[in-house]
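Architecture at a glance
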Amino acid sequence: MVVLNQLRKSGGFWLKLDDVNILHDPGPGSLVMIHQLGLKPKDIDAIILSHRHIDHSNDVNVVTEAMTGGGFAPKGRLIAPSDCFVNDPVVLQYVRPFVDITEIKPGLETTIKDVRIMFPIENQHPVETYGVIYTFSSGRLGYIPDTEYFPELLQAYSGVDYLIINVVRMRTDKRIRHLNMEEAAELIGKIRPKIAILTHFGLQVLNSSPEYQAKMILQKTGVEVIAASDGMIFDFDNREKNKWF
Ligand SMILES: [Zn+2]
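Residues numbered from 1 in each chain as written. Predicted model: local features only at pLDDT ≥ 70, side-chain atom pairs only at ≥ 80, totals over all residues. Heavy atoms only, no water.

**Examining unusual backbone geometry**
Residues apart from glycine generally show negative phi values, whereas peptide bonds are mostly found in trans. Just so we agree on the cut-off: Working definition: helices are DSSP H or I runs of at least four residues, strands are E runs of at least two. Numbering for both runs from the N terminus. Only protein chains enter the accessibility calculation, which uses a 1.4 Å probe; a residue whose area is less than 20% of its type maximum is buried, one above 50% is exposed, and one in between is partly exposed.
With a phi angle near 60°, Asp-25 is a residue other than glycine that sits in the positive phi range. Tracing the backbone shows Asp-25 in the loop between strand S2 (20–24) and helix H1 (30–36). The backbone of His-200 sits at a positive phi, close to 65°, despite the residue not being glycine. Taking relative accessible area as the criterion, His-200 reaches 23% and is therefore assigned partly exposed.

Here it is in structure tokens:
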């Protein structure tokens, strides 16, 4: 509902790790937001989809075109679960020759320049879904996208310095297989990154003030927690430079 009514932007997040640019989960509006924020699609080195749901993949084709100059300058990578390419594929056939495609499998490791990218475990969600751990010069960054809570997540993401975590609900609804705030707090408290960033809020979370929830998790766990907002820039090296729009 938050995406469908655009109560928050849904373009995913842009990572600049050392000199590698990665667009993660380009949902509806991603191309528009890229331009509004003054970023350039042709700078993207890789697009990564955690899973095929439309709030994570809607703009994958148009951004692939934009990244490759309308397909005239093939470059870059597209890394996504295998079910993004078969039966009702979210990655259209005609854009596939524009990029180097990698299908994610649990445990897959790959590198782009000096950035190491690892997909430690398959999440528990209605479609094939993978989180990721990036290793770059400032440390290890984990991203836990849509999933039901399951204890193996703790081991899979242990030792990350930074953790981005999708928290959709305040109360669990078994039908939609998402983390609730208490489960996110549990993961943060046990994984213990230096900083955790909450994102992908559903209506219940928006109505419960994501900023207040972040403060509560800090009090409970002692881990610094930030609630993401549209256009937020987070600088891993220069925290004082961080901007909230
Ligand atoms: Zn999903």
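And the narrative resumes.
**A look at the coordination of the zinc ion**
Formally: Only N, O and S atoms count as donors, using a 2.8 Å cut-off from the metal and 3.2 Å for Na, K and Ca, and because water is excluded some sites may appear unfinished. Geometry assignment treats four donors as tetrahedral when all angles are between 85 and 135 degrees, treats four as square planar and six as octahedral when opposite donors are over 155 degrees apart and all others between 65 and 115, and treats everything else as irregular.
For the zinc ion, the full set of protein donor atoms is His-51 (NE2), His-53 (ND1), His-125 (NE2) and Asp-146 (OD), and the range of their distances to it is 2.2 to 2.4 Å. In this structure, the zinc ion is coordinated by four donor atoms arranged in irregular fashion, with angles at the metal of 88 to 173°. Counting gaps between the donor residues of the zinc ion yields the pattern H-x1-H-x71-H-x20-D. Residue His-51 is located in the loop between strand S3 (46–48) and helix H2 (54–57), and its partner His-125 is located in the loop between strand S7 (115–118) and strand S8 (132–136); the two are separated by 74 residues in the primary sequence. Taking relative accessible area as the criterion, His-125 reaches 6% and is therefore assigned buried.

**Considerations on the pattern of salt bridges**
Pairing between side chains becomes possible if they bear opposite charge and their charged atoms approach one another. Just so we agree on the cut-off: Each reported salt bridge corresponds to a side-chain nitrogen of Lys or Arg within 4 Å of a carboxyl oxygen of Asp or Glu.
A complete count under the given rule lists eight salt bridges for this structure. Taking the shortest distance from any N to any O, the salt bridge between Asp-43 and Lys-42 comes out at 3.9 Å. The residue Glu-186 makes a salt bridge to Lys-190 at a minimum N-O spacing of 2.7 Å. Note that Glu-186 and Lys-190 are positioned in helix H5 (residues 181–191) at a spacing of four residues, about one turn of the helix. By relative accessible area, which is 32% here, Glu-186 ends up partly exposed.

**Details of the sheet that holds strand S9 (residues 139–144)**
Our working definition: A pair of strands is treated as paired once DSSP finds two or more bridges between them. Note on definitions: angles span 0 to 180 degrees between N-to-C directions of axes, and those axes are lines fitted to C-alpha atoms, for helices only across the stretch in contact.
Read from one edge of the open sheet, seven strands run S6-S7-S8-S9-S10-S11-S12, paired in mixed fashion. Every interior strand has two partners, whereas the edge strands, strand S6 (109–112) and strand S12 (224–227), have only one. Adjacent strand axes in the sheet meet at a mean angle of 20° when their direction is disregarded. Sheet topology note: the S8/S9 ladder contains five bridges and is antiparallel.

**With respect to the sheet that holds S3**
As a reminder, the rule being used: It only takes one pair of heavy atoms within 4.5 Å for two residues to be counted as in contact.
The strand order across the open sheet built from five strands is S1-S2-S3-S4-S5, with neighbouring strands paired in mixed fashion. Two strands close off the open sheet at either side, each with one partner strand: strand S1 (13–17) and strand S5 (100–104). Taken pair by pair, the neighbouring strands of this sheet meet at an average axis angle of 20°, ignoring direction. As paired strands, strand S4 (residues 77–81) and S5 are joined by five bridges and run parallel to one another. Bridge assignment links Ile-79 to a residue of S5, and that residue is Thr-102. The sheet strands contacting helix H3 (residues 60–67) are S2, S3 and S4, and the helix crosses S3 at an angle near 175°.

**Observations concerning H3**
Quick note on the threshold: The arc in question is the one spanned by the directions pointing from the helix axis to the C-beta atoms.
Listed as buried for H3 are Val-60, Asn-61, Val-63, Thr-64 and Met-67. Buried residues in H3, looked at end-on, bunch into an arc of 165°, giving them a common side. Close packing links the buried residues of H3 with S2, H1, S3, H2 and S4. Note on H3: the residue one or two positions beyond its end, Gly-69, has a positive phi of about 55°.

**Focus on the side chain of Thr-110**
Put simply, the rule is: In the analysis that follows, any N or O atom pair within 3.5 Å is treated as a polar contact, provided that within protein one partner can donate a hydrogen and the other can accept it, and provided that, for residues neighboring in sequence, both atoms belong to side chains.
Mapped onto the fold, Thr-110 is located in strand S6. On the basis of relative accessibility, which here comes to 13%, the residue Thr-110 falls in the buried class. Here Arg-77 takes part through its side chain, which lies 3.0 Å from a polar atom of the side chain of Thr-110. Filtering out sequence-adjacent residues up to four positions away, Thr-110 remains in contact with Arg-77, Ile-79, Val-115, Arg-116 and Ile-117.

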